[in-house]
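Observations on chain architecture
Residue strings, one per chain:
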Amino acid sequence: MPEDKFFLRDQFFWQTVKEDLISGGAGDRAIAAFKAEVGLVAGSAQLVYWYSTKGLTSNAIGVHGVGNYLGSIGDLSNVIYGGNRNWNVTKTNYEKASKAVLGETKYGAAAFHTVDFAMGLYTAFKPVGVVEKVAIGGVQLERYRNIPSELLLPGPIIVNDLFSEFLNGSSVLSETKN
């Protein structure tokens, strides 16, 4: 066995793995890593939306996208290397403002998650005009209608968006309970 894979024969390594599985720490890290990866995709989607559209709402979504993307990188780094990195600069600024005005950071965290949740719903249900065409017996019929923008996306993106909204909704509830 190569020298760089010595841990495969190390009794202490396998004892640590066993204890980690029994204690539930491995499962907790797996869930945290999954949430961080969903956050990376969601933050990236927010940044793409910001880049592709203009306006005040788009700029707010872009600011949240930067925070969510960087925060998810920090969360994933915490899972891999350990530590307590908090790189979500947007959420941190919400907490600082809350501390300055109300004396506690928990209201800022709840406000951040509430705004993120609301912006996610806004972008998902924003009406988009579509044209549907059908030919019947040589006659071309067109129908114009508005549908929620979320329905135009591929299935995996819809699943990611739903999961992101669930995480934000649960974060709002947990922040307000603390």
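Residues numbered from 1 in each chain as written. Predicted model: local features only at pLDDT ≥ 70, side-chain atom pairs only at ≥ 80, totals over all residues. Heavy atoms only, no water.

Further remarks concern the packing of helix H4 (residues 89–102) against helix H5 (residues 106–125). Where H4 contacts H5, the axes come no closer than 7 Å and their chain directions differ by 135 degrees. Judged on the interaxial angle alone, H5 and H4 are oblique. Relative to H5, the crossing made by H4 is right-handed. Facing Thr90, Lys91, Tyr94, Glu95, Ser98 and Leu102 of H4, the residues of H5 in contact are Tyr107, Gly108, Ala109, Ala111, Phe112, His113 and Val115. Within the contact of H4 with H5, the residues separate by chemical class into seven nonpolar, four polar and two charged. (Axes fitted to C-alpha atoms, helices over the stretch in contact; angles between N-to-C directions. Helix = DSSP H or I, 4+ residues; strand = E, 2+ residues; numbered from the N terminus. Parallel < 35°, antiparallel > 145°, perpendicular 65-115°, else oblique. Left-handed = near helix turned anticlockwise from the far one by under 90°. Contact = heavy atoms within 4.5 Å. Nonpolar A, V, L, I, M, F, W, Y, C, P; charged D, E, K, R; others polar.)

Walk down a regular strand and you will see the side chains alternate between the two sheet faces. Where strand E1 (residues 127–136) lies against strand E2 (residues 139–148), ten bridges are found, and the strand directions are antiparallel. Of the residues in E2, the one forming a bridge with valine 131 is tyrosine 144. The loop that links E1 with its antiparallel partner E2 comprises two residues; one of these, glycine 137, has a positive phi angle of about 55 degrees. (Pairing = 2+ DSSP bridges.)

Turning our attention to the nonpolar core. For soluble globular proteins, nonpolar side chains are generally found buried alongside one another. Formed by Ala33, Ala36, Leu40, Leu76 and Val79, the largest nonpolar core amounts to five residues. Secondary structure elements with two or more residues in this core: helix H2 (25–52) and helix H3 (56–81). Counting residues per element, this core draws most heavily on H2, at three residues. Each residue touching leucine 76, except ones within four places of it in the same chain, is listed here: Ala33, Ala36, Glu37 and Leu40. (Core = buried A, V, L, I, M, F, W, Y, C linked by side-chain atoms within 4.5 Å. Buried < 20%, exposed > 50% of the residue type's maximum accessible area, 1.4 Å probe, protein only.)

Packing of helix H1 (residues 11–23) against H2 leaves a shortest axis separation of 4 Å and a crossing angle of 75 degrees. When the interaxial angle is binned, H1 and H2 end up roughly perpendicular. Contact with H1, carried on its side by Asp20, Leu21 and Ser23, involves Gly25, Ala26 and Arg29 of H2 and no other residues of that element. Considering only residue class, the contact of H1 with H2 consists of two nonpolar, two polar and two charged.

Attention now goes to the packing of aromatic side chains. The full count for this structure, using the stated rule, is three aromatic pairs. When the ring of phenylalanine 34 is compared with that of phenylalanine 163, the centres are 5.2 Å apart and the planes differ by 65 degrees; the resulting orientation is edge-to-face. Taken together, the residues span a long stretch of sequence, with phenylalanine 34 in helix H2 and phenylalanine 163 in helix H6 (residues 155–177) at a distance of 129 residues. Here phenylalanine 163 falls in the partly exposed class, since its relative accessible area comes to 27%. Centroid distance phenylalanine 163 to phenylalanine 166: 6.2 Å. Interplanar angle 40 degrees. Geometry classified as tilted. Within this pair, phenylalanine 163 and its partner phenylalanine 166 are both found in helix H6, separated by three residues, close to a single helical turn. Here the aromatic cluster, defined as three or more aromatic residues joined through ring pairs, consists of Phe34, Phe163 and Phe166. Over the ring of tyrosine 51 we find lysine 54; its NZ or CZ atom is 5.7 Å from the centre of that ring. (Phe/Tyr/Trp six-rings, centres within 6.5 Å; stacked < 30°, edge-to-face > 60°. Lys NZ or Arg CZ within 6 Å of the ring centre and 35° of its normal.)

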